[in-house]
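Structure at a glance
Here's the letter readout for the chains.
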Amino acid sequence: MQLLGLHHITAMAADPSRNLAFYTRVLGLRFVKKSVNQDDPGTYHLYYGNHVGSPGTALTFFPQPSLRRGRPGHGQAYATAFSVPADALTFWQERLVRLKIDHLAAELRFNDQVLTVFDPDGLRLELVFTVETDSRPPAPSADVPAAHAIRGFHSSTIALAASKHLVAPKADAGGSDAAQLNPAATVALLTATMGYRLAAQAGHRSRYTVATGGPGAYVDILTDPGVPRGLDGAGTIHHVAFRVADDAAQCVAHTELTNIGAGVSPVIDRAYFKSIYYREPNGVLFEIATDQPGFTVDEPVETLGTRLSLPPRLEPHRAEIEAALPKLD
Ligand code: ZN
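Computed from a predicted structure; not experimentally measured.

Counting 70 residues, the largest nonpolar core has Tyr-23, Leu-27, Trp-92, Met-194, Phe-242 and Ile-288 as its most contacted members. In terms of nonpolar packing, the next biggest core, distinct from the first, is built from eight residues, Ala-58, Tyr-272, Phe-273 and Leu-304 among them.

Glancing now at the side chain of Glu-280. Tracing the chain through its elements places Glu-280 in the loop between strand S15 (274-279) and strand S16 (285-290). No salt bridge is formed by the buried Glu-280. Its closest oppositely charged neighbour is Arg-279, at 7.6 Å. Residue contacts for Glu-280: discarding those within four places in its chain leaves Thr-186, Leu-189 and Phe-286.

The subject of this paragraph is the environment of Tyr-196. In this structure, Tyr-196 sits in the loop between helix H3 (183-193) and strand S10 (197-202). On the basis of relative accessible area, Tyr-196 is assigned to the buried category, the value being 3%. With sequence-adjacent residues up to four places away left out, Tyr-196 is seen in contact with Leu-3, Gly-5, Leu-190, Thr-191, Tyr-208, Thr-209, Val-210, Ala-217, Val-219 and Phe-242. A distance of 2.9 Å separates the side chain of Tyr-196 from the backbone oxygen of Ala-217, its partner in a polar contact.

So, about the sheet that holds S15. Pairing is mixed across the open sheet formed by eight strands, whose spatial order is S2-S3-S4-S1-S13-S16-S15-S14. At either margin of the open sheet sits one strand with a lone partner, and together these are strand S2 (30-37) and strand S14 (268-269). Pairing between S2 and strand S3 (residues 40-49): seven bridges, direction antiparallel. Paired with Val-36 across the two strands is Tyr-44, which belongs to S3. Its contacts with the sheet put helix H1 (residues 16-26) on strand S1 (6-13), S2, S3 and strand S4 (58-63), and the angle it makes with S3 is roughly 10°.

Take the environment of Pro-137 next. Structurally, the position occupied by Pro-137 is in the loop between strand S8 (124-130) and strand S9 (152-159). Classification of Pro-137 by relative accessible area gives exposed; the value is 54%. When the C-alpha atoms of Pro-137 and Pro-63 are compared, they prove to be 27 Å apart, with 74 residues separating the residues in sequence.

Each protein donor to the zinc ion is listed here as His-8 (NE2), His-239 (NE2) and Glu-287 (OE); together their distances run 2.0 Å. Donor residues for the zinc ion sit on one chain with the sequence pattern H-x230-H-x47-E. Here His-8 is found in strand S1, whereas its partner His-239 is found in strand S13 (residues 237-244), with 231 residues between them in sequence. Take His-8 and His-239: they sit in the same class, and that class is buried.

This brings us to unusual backbone geometry. Gln-292 connects to Pro-293 through a cis peptide bond whose omega is 0°. One non-glycine residue, Phe-110, lies in positive phi territory at about 50°. By secondary structure assignment, the location of Phe-110 is in the loop between strand S6 (107-109) and strand S7 (112-118). Residue Phe-110 is classed as partly exposed on the basis of its relative accessible area, which comes to 24%. Positive phi outside glycine occurs at Ala-211, with the angle close to 50°.

Here is what the cut-offs are and how they apply
Residues numbered from 1 in each chain as written. Predicted model: local features only at pLDDT ≥ 70, side-chain atom pairs only at ≥ 80, totals over all residues. Heavy atoms only, no water. Core = buried A, V, L, I, M, F, W, Y, C linked by side-chain atoms within 4.5 Å. Buried < 20%, exposed > 50% of the residue type's maximum accessible area, 1.4 Å probe, protein only. Helix = DSSP H or I, 4+ residues; strand = E, 2+ residues; numbered from the N terminus. Lys, Arg positive; Asp, Glu negative; His and termini not counted. Salt bridge = Lys/Arg side-chain N within 4 Å of Asp/Glu carboxyl O. Contact = heavy atoms within 4.5 Å. Polar contact = N/O pair within 3.5 Å; in protein donor to acceptor, adjacent residues only side chain to side chain. Pairing = 2+ DSSP bridges. Axes fitted to C-alpha atoms, helices over the stretch in contact; angles between N-to-C directions. Donors = N, O, S within 2.8 Å, 3.2 Å for Na, K, Ca; no water.

Below, the structure is given as structure tokens:
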């Protein structure tokens, strides 16, 4: 299959207004789509990205006010990294201190400085001050100058504790319940089926890349025994989506996943892209999504995210859905 890198990443949150404030005002992303979870229209689906929410820039959330807090850890997409220009480190360090945002001291990872930042639900984010070229345009922001702004995703880190017993858990066991995790099985899926190749390795971290590579393409496999077991809930990742150019490329991916018995879903129309879903061998939910049609399919680029967008089948129920959703401010 021909994957182009990361498409979007979806996470769980509790309070939607707190989530909106953090991603737009603190991180300086654009609120590109206010929609609902198509499988649960009583829950928002909020999307943050660059100016148009280009594939590879959109972090999305299902905020549920009563959701208990989870814990990022093994068996999950543990950390979500954004690409930021290398010379923006001081700007972000000062900004995070000034705004009293929970974060860790900078660390060197491969050739880049990395700041780990926690969102209000404890979601583990990373700002990777990359020395690599990243020409993707950032979202214009009143709070973050363009020279220092997030360019889009850098990588997703999947944490999988190394096990002495190399027996893959059942594919339907779910990320948090599997007794033993087998990183080799995930690496085999990435490299033999999904077209990823090893890019770098240091300590407990192996970095894989695909297509032309660079920020936005990377998947890191972390086998650090110091990381705790993940618990699903607010502040954890729900799934990681990878890009394909079009329906034809998605069809090829679907066939290849079917051929290896990956338990892949049928194609589902998500309005802004078409999606297929499958669990990798350690239970992390993966999605493959098309680049088209994108977030401007139902509202102009100038006003993205300003009104509640519903898929056509839910449009007749707009009044009830709007009345049931929590207020966003
Ligand atoms: Zn998705």
